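Structure assessment
Here is what each chain is made of, one letter per residue.
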Amino acid sequence: MQDRPDPDALLQRIQQEQAQQQRGRLKVFFGACAGVGKTFAMLSAARAAQAQGTPVTIGVVETHGRTETEALTAHLPRLPLRTLPYKDRTLPEFDLDAALAWGAAHPDGLVLLDELAHSNVAGSRHPKRWQDAEELLAAGVDVWSTMNVQHLESLNDIVSGITGIRVWETVPDQFFDAADEVVVVDLPPDELLARLKAGKVYLPQQAERAAVNFFRKGNLLALRELALRRTADRVDDEMRAYRRANTTAPQAVWPNREALLACVGTGDNAEKVVRSCARLAAQLDLPWHAVHVETPEQQGQSVTLPPQVERTLKIAQQLGATACAVLPAAQPAQALVRYAREHNLVRVVMGRSARRWPWQTTLAEQIDQRASDLDLLQVGSLPGRTAPTDQKATRISGVAPRAAFWPGYIAAALACCVAAVIATPLASVLELTNIVMLFLLVVVGVALKLGRGPAVLAAVLGVAFFDFFFVPPHFTFAVSDAQYLVTFAVMLVVALVVGQLTAGLKVQAEAATDREHRVRSLYDMARDLSAALLPEQVAEIGARFITGEFGAGSTLVVADDDNRLQVLPGGTAPVDMAVAQWAFERGEPAGRGTDTLHSSPTLVLPLKAPMRIRGVLVVAMPQGQVPGVEPRRLLQTCASLLAISLERIHYIDVAQKSTVQIESERLRNSLLSAISHDLRTPLASLVGLAESLAVVQPPLPAHQQELTGAIQQSAQRMSALVNNLLDMARLEAGAVQLNKAWQPLEEVVGSALAACAPAIAAHRIEVTLPDDLPLLQIDAVLMERVLVNLLENAAKYTPADTTLRISAQPQSDAVALTITDEGPGLPKGREEQLFEKFERGARESATPGVGLGLAICRAIVQAHGGSIRGDTIHNAQGLPAGARFTLLLPRGTPPTDLGADADTPSEV
């Protein structure tokens, strides 16, 4: 019965097979980098499939001018590409609708879709090519494609750290893992470099730059290892899925990839077993599991695990065990073998155990008899220690001998006496076999109510009473027929077996009932938490659950937006704020039953939500009890549910505030836009009239000319303010379209200096730009506006005859542009606030302006995918010596397509 397959797993497997029958098949040609021959391998395999009668068409294939690759496409039909406008030109793009129509006409057809990570041109149905492939697969069309290891989402940052180049086009790991087949196209680095030099990967000029940047041998070796490891992980997952899907019972372990299993017992050498397994796993770089088998005897003694086992499993977690499990089972050897085979664990590490009786087999021998395919490694006891006796094991487990020891046995003896009394008047009516059944019924009842020990006594007394009272000669233990000895033996064996089985099933049923009760309680708590709208309601629900399950008191301590802990009212557990603060800051349990501040009378659990730690849960167990492994897991589950509920309430509040703020911002922008539009016409007229008065003939008197100039300056300043308001409204509304082009930063800086020359005329200008600055894909007009705003700000807030400095420094994935001055610096603590609208350095200042310049700068820079920050420079004495603004502008994709395979041009 233990090898019976899971019905839910079978149903899920059938549903997956039905879905696979309706879905197309995906085959990915996977390589370490550009130039290893993925497209060539795909086209070669496609021609072979075409020769076998499979309809094949090219959806899109990028040969990049390689004659060998281009030759393979000669006899393969192509789908026409669609053209899409992009800026001032048109670009060819994959036609998804044509591919779907072709697939409908060729049910067994195959579409070749090169460069899976490619980004489609704006205006396509999907932003990414892998999404086009997903739609084709959903329509039942088979797809073959290519991709490199750096395009996997989970490895993107690792590749960026190795090569120093960020790849922006990625494919989700879930899509890659869902592929029906992955073919690794591998090429040693030396051969790839030889192909690069021979011009078989890129054009000569491109190849020279590629060899210096991306195609270094160290990079190629690291990428090759990543590709092979990722494929090995996929194959290992497929192997385990095959074993689960094609066997009803665990097969013998396949030693294709080694892993270790540490068997945690109740003896003194359990910790040594775990530490030895951890050292061995670290030396061999292998995963390992730690497992303890909980027998019915242990379940009957206590609902919690022995403290020695809890401590050992905790050590296993700290030492990096992949999984720590507790398996309830009557036969430890069978449970360990089954677990090892289910998880394909090759080596079993366990402690040595001695035989209590000559005929008894040790646990290692039992495992070896059941699974000869497992490697057993036995660890000796610690020096000066021997195998634990029953008394020591009882003391270690923390379970005191039962206070009510004799009443159960007395009740068993009385039950046998009652059975004998009832059977005596029936002896003349019933056969002896029926009387035997009556005594067996007593054994079953005793085992069900009183446990194993009284059941054994009932079995022995039942045989004795049956012989003494009912087998002739009566009232003596002598028998007239030797056949009765066989009857006694069989009766005793059957009674013992039935009693033990009944007692074991009773313990298991009680454990299952207890677990079912706790799961139902968790479900009820989760249902109540889903309707909670206030933190106080969450605290009340959590307290009700903890009181009902453990009879313990609890208090919820939550953190505000400034990470200050606040105790919610209604708690019943005392709160030590020092312990609570420690658990909150480190995200680890503290207090009673832990290794940190264990003298505290309460257990403190951090409330870990997906985004952050929301506070702590303080639990005061009754009578100072220490929760075991199962209760601790239940408390941690409770804490997780409380944390998620608190985070949900927090984001509901944030959403409400954001809605109000967005609506207020929208109304304010609408008002400012309307006012600005209404002011623009009279301001233009006022500026025009002032300019006309300045050139009127005959000239105005000197004092009138001075007034005219003041009017003109004020009108121009007001006009600039109105323009800023309009620009800010357009930026926030997303109405500004970036006209990006590849521009040298030197030209943008030069045009900005020319535009603000009158404002910075009283200052010295120092420009330091290195010769190797890359081209940046930016909107030159808007970026000039950013620099003009920053330079004019610096000129307004710094004394005359000081120096304004402009410098730039290329980084791995960005260019840092810095503007510094020699003024008073930025207000301390308000550096970020200055980038908000209508914020100024000084609340009341004679310097003209309304606080929109920096807000416009940040909006423009962020629209380019960059960032801007400001800070204060300090001199040697620690005094403010000026302000510094730093812009980080992304380098983006180089204008020359050096990454041609490529799956993306940003590879090089």
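You'll find the structure just up there.
Residues numbered from 1 in each chain as written. Predicted model: local features only at pLDDT ≥ 70, side-chain atom pairs only at ≥ 80, totals over all residues. Heavy atoms only, no water.

Overview of the environment of Lys837
Here Lys837 is to be found in the loop between β22 (814-820) and α27 (853-863). Judged by its relative accessible area of 16%, Lys837 is buried. Residues Lys837 and Ala855 lie 18 residues apart in sequence; the distance between their C-alpha atoms is 5.5 Å. (Helix = DSSP H or I, 4+ residues; strand = E, 2+ residues; numbered from the N terminus. Buried < 20%, exposed > 50% of the residue type's maximum accessible area, 1.4 Å probe, protein only.)

Description of the packing of aromatic side chains
Each pair of aromatic rings is reported with the distance of its centres and the angle of its planes. Applying the stated criterion across every chain, the model contains eight aromatic pairs. Relative to Phe176, the ring of Phe30 lies with its centre 4.9 Å away and its plane at 45°, an arrangement referred to as tilted. You can see Phe30 sitting in strand β1 (residues 26-31) and its partner Phe176 sitting in helix α7 (residues 173-177), a full 146 residues away along the chain. Since its relative accessible area comes to 0%, Phe30 is described here as buried. The class of Phe176 is buried, set by a relative accessible area of 1%. Ring geometry for Phe835 versus Phe885: centroids 6.2 Å apart, planes at 80°, classification edge-to-face. Separated by 50 residues along the polypeptide, Phe835 in the loop between β22 and α27 and Phe885 in strand β24 (residues 880-890) bring together distant segments of the chain. For Phe835, a relative accessible area of 5% gives the class buried. Members of the aromatic cluster, connected to one another through ring pairs, are Phe439, Phe465, Phe468, Phe469 and Phe470. (Phe/Tyr/Trp six-rings, centres within 6.5 Å; stacked < 30°, edge-to-face > 60°.)

Examining the sheet that holds strand β15 (residues 590-591)
Across the sheet, which stays open at both edges, the five strands sit in the order β14-β13-β17-β16-β15 with antiparallel pairing between neighbours. Where the open sheet ends on each side, the last strands, each with one partner, are β14 (565-567) and β15. The pairing of strand β13 (residues 553-559) with β14 spans three bridges and is classified as antiparallel. Each bridged residue has a counterpart across the sheet, and for Ala559 the counterpart in β14 is Leu565. Helix α21 (residues 535-550) contacts β13 and β17 (613-620) of the sheet and is inclined by roughly 150° relative to β13. Its contacts with the sheet place helix α22 (residues 577-586) against β13, β14, β15, β16 (603-608) and β17, and it is angled at close to 135° to β17. (Pairing = 2+ DSSP bridges. Contact = heavy atoms within 4.5 Å. Axes fitted to C-alpha atoms, helices over the stretch in contact; angles between N-to-C directions.)

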